[in-house]
Structures are given as C-alpha cells and as structure tokens.
Amino acid sequence: MFAPLQLGGTVFPLVALLLLAIAIVAVYQAVEIVNAYEKRALTVFGEYRKLLEPGINFIPPFVSRTYTFDMRTQTLDVPRQEAITRDNSPVTADAVVYIKVMDARKAFLEVDDYKKAVSNLAQTTLRAVLGDMELDDTLNKRQEINAKIRKELDEPTDEWGIRVESVEVREVNPSKDVQQAMEQQTSAERKRRAMILEAQGERRSAVEKAEGDKQSNIIRAQGEKQSQILEAQGDAISTVLRAKSAESMGERAIIERGMETLEAIGQGESTTFVLPQELTSLVGRYGKHLTGGDVASDGQLLEGLDFDAETREMLGLDDIEEILGQIDQEAEMDVESMEAEAEAIKTGADPAKIKDPDEVIAEMDGELETEAAGDGDDLETETN
C-alpha cells in the first residue's frame, strides 16, 4: 500500500511543474505588445480575425499568429533600369519610391509582399515612361517623369492599401556614345557662342571708335574754326593799325613836303614871297607832330587830316575797342570744359551723343532693307 503512494508523490511535482510551464508559455503567447508605429494582423487557426492596435493586446495562445506592418513612410530603391527612348537612344535610370501603408488589412490580404510588389511595378513603369519619351525630354523633364510614374503606380497600389507619396528619379544616363556626341555638340555650341560674342564685341568696338572719331573731328573742326576766327580778327586789327599808321605817316609826309617847299622859296633871290593859304595849317600840323599837341593859331586849334566816315567804317576804326573785347572774350575759352567733354567722349560716358552700337546697326540694316525694297519696286516697274 505504501509503494503507490510513493509513486504518486513523485509524479505530482513533475505534473505541477509542467502545468506551470504551460501556463507561463500560454500567458506569454496570449499577450501581444504592438509598437506605436505598427499594426499587426491576427490570424487564429489560419483565419484572419482583426488588426491589433498599438499597446497590449490579448490573443488566443498557441493557435494565433501575427503579421507586423510598419505604418511609417518607407523608402524603396528601384534598381537601375535600361530602356530605349522613342528616338531609339539607350538610357539607364534608377529611382526612389516613397510609400506608406494606409490599410494594413488590404496589405495583408490583397498582396503577398507589398514592398516587393511596389518595387517591381515601379521598375516596369519606369521603363515604360522612358520608352515613351525622347532622349532630350528624359534628360530635361525630370519632374514630368516623376509625375507619370506616380500616376501609373497610384491605381494598383490603392487596391493593396498602399499610398505612393512620391517618386524621385535620381539619374538618367544615356549611353557612352550618346554622351560623347552630346559633349561634342555642347563644345561646338560654346565655340559658336564665343565667336558670336567676339564678333559682336569687335562690331561694338568699331562703332564706338567711329563715334569717338566723329566727335573728335567735330571738336577739332570747332577748334580750327575758333582759330580761324581769332586769326581773321587779328588780321583785321593789324589792318586797322596799319591804316592808322599810314594815316599818320601820310600827314607827316605832306607837312615835311610843305616845309621843304618853303625852304626852297626862302633860298631864292626873289624878295617877294607868295605864302599858300594852308601855310598856317602846315605849320600847326608840324608843331603838333613835334610837340604831340595841336598848335593854336588866332585862338583856334589846328586839327590834322582824318579819314572820312566811309573809310573809317570800311576799316572798322570806330569798332576797335569792340573787336579787341571780342578777341579777349574768345581767348578766354573754357579749356577745362572742352577737355572734360573730350574725355567723356573718349571713355564713352556721353550717351546723349554716342548711340548704342546695336541701334546704329539696326538703323543701317533698316536703311539697306528699304533701299533693297525700293530697287526691287523700280525693277518690277521697268519690267512691266
């Protein structure tokens, strides 16, 4: 009777320990902790039951299984794809797709692996979009490519409970031969632009030089004009002074001739002298030349001969002071102003007088076109 009791006493602690272990495992299996950025799909005996929300959830132990879905925005790298553009140019491109799980139930039930599915769909869509575009568009219209790929991905991914937030094409590279041809084209275009800019610079320089030469000639002509005016006025003054000197010398010669005549008469043997009526006048004029003043005769001053009004007007004797004043005024020209004007023309800082080269060339082209049209009309008239 004691042997069975001993056997029962040995088995009971083992069963108790086994039951305790099963209870601990069951509790552990029944408690499911879901992170704040996750949702988990629950299946019991393979049947979908519900989505487990973030926090502590209790589920049937041993017969349940959960599938985790990250509800944050996720990044999928699209591997590099090769495509042939519409103008038969091979290109390679890769992209990045940003997705977000909006319905974890659909992502669990409608698609096997939503990340792999979106990645494969993005690859095929990228090749299709590049194949519908020309090479230049694939290189320049990056935003248009992104929009087309996203539009193509939206419809199927909505059925999977996935939203495509953004698509970014990182690189689109043509083949090496095409790249080399594009580099040669770019180099040729840059050389052409450089030649055009150089030609425009030379043309502008030539036009500005011509304008500067014209202004320089104008200033030089004005200077020569002023010089000629001053020279002519100087000649006029010299003529007037020579005329006055001739007037004085003529009168002196007349007086000296009269005195010589009187001396000849006095040396004669005759005692009878016939004095000319102008004797007193000659003596007065002679005294005036000797003393610098007129000689008084009978209380009156004897005046020397003078030019008549017509001769004085012709020689400008009455305008000597005015002419001298004009010469002084012309001589006081603003030299600094002329130098400043010349320097402004030289440096191109006088836009009011120097036209822009493009305007000058446009005017010349317009005149040539007008002349050509006129010649064409004349030729047509003559033909008729």
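These lines cover the structure that appears in this document, whether it is placed above or below. (Residues numbered from 1 in each chain as written. Predicted model: local features only at pLDDT ≥ 70, side-chain atom pairs only at ≥ 80, totals over all residues. Heavy atoms only, no water.)

Looking at the pattern of salt bridges
In this structure the tally under the stated criterion is 14 salt bridges. Glu134 is the salt-bridge partner of Arg86, the closest N and O atoms lying 3.9 Å from each other. Placement of Arg86 in the loop between β6 (74–84) and β7 (90–101) and of Glu134 in the loop between α3 (114–131) and α4 (135–140) is noted, with a sequence separation of 48 residues between them. Judged by relative accessible area, which is 53%, Arg86 ranks as exposed. Here the salt bridges do not stand alone but share partners, grouping Arg80, Asp94, Arg170 and Glu171 into one network. (Salt bridge = Lys/Arg side-chain N within 4 Å of Asp/Glu carboxyl O. Helix = DSSP H or I, 4+ residues; strand = E, 2+ residues; numbered from the N terminus. Buried < 20%, exposed > 50% of the residue type's maximum accessible area, 1.4 Å probe, protein only.)

Observations regarding a negative patch on the surface
A surface patch of negative charge is lined by Glu110, Asp132, Glu152, Glu155, Asp158 and Glu159. Topologically, Glu159 is positioned in helix α5 (residues 142–159). Classification of Glu159 as exposed rests on a relative accessible area of 52%. (Patch = residues over 30% accessible without salt bridge, like charges linked within 9 Å, V, L, I, M, F, W, Y side chains within 5 Å. Areas by Shrake-Rupley, 256 points an atom, 1.4 Å probe, with all protein chains shown as cover. Lys, Arg positive; Asp, Glu negative; His and termini not counted. Charge placed at Lys NZ, Arg CZ, Asp CG, Glu CD.)

Here's the deal with the pairing of strand β3 (residues 47–52)
Two elements, strand β2 (residues 38–44) and β3, share five bridges in a ladder whose sense is antiparallel. Bridged to Leu42 within β3 is Lys50. Counting the residues between successive antiparallel strands, the hairpin from β2 to β3 contains two residues, one of them, Phe45, with a positive phi of roughly 55°. (Pairing = 2+ DSSP bridges.)

Here we look at the packing of aromatic side chains
Taken as a whole and judged by the stated rule, the model has four aromatic pairs. Seen in terms of ring centroids, Tyr67 and Phe108 are 4.7 Å apart; in terms of plane orientation they differ by 35°. Their pairing is tilted. Residue Tyr67 is located in strand β5 (residues 64–70), and its partner Phe108 is located in helix α2 (residues 104–109); the two are separated by 41 residues in the primary sequence. Ring centres of Phe69 and Phe108 lie 6.3 Å apart, and the angle between their planes is 85°; on these two criteria the pair is classed as edge-to-face. (Phe/Tyr/Trp six-rings, centres within 6.5 Å; stacked < 30°, edge-to-face > 60°.)

Regarding a nonpolar patch on the surface
A contiguous nonpolar patch, built from Val11, Val15, Leu18, Leu19, Ile22, Val25 and Phe62 and spanning about 630 Å² of accessible area, is present on the exposed surface. As for its position among the elements, Val25 is in helix α1 (residues 2–30).

Some points on the sheet that holds β7
Note on sheets: strands pair through backbone hydrogen bonds, and any given pair is parallel or antiparallel. Strand order in the open sheet formed by three strands is β6-β7-β8, with antiparallel pairing between adjacent strands. Looking along the sheet, the strands with just one partner apiece sit at the ends: β6 and β8 (162–174). Pairs of neighbouring strands in the sheet enclose a mean axial angle of 20°, with direction left out of account. Pairing between β6 and β7: nine bridges, direction antiparallel. Bridge pairing links Ile84 to Pro90 in β7. Sheet strands touched by α3: β6, β7 and β8. Its angle to β6, the strand with the most contacts, is close to 35°. (Axes fitted to C-alpha atoms, helices over the stretch in contact; angles between N-to-C directions. Contact = heavy atoms within 4.5 Å.)

Quick notes on the sheet that holds β2
Here three strands make up an open sheet; going across it, the order is β3-β2-β5 and the pairing antiparallel. If you trace the sheet from one side to the other, it starts and ends with β3 and β5, each paired once. Each strand axis lies, on average, 25° off the axis of its neighbour in the sheet, ignoring direction. Of the strand pairs in this sheet, β2 and β5 are connected by seven bridges, and their pairing is antiparallel. Within β5, the position partnered with Val44 by the bridge is Ser64.

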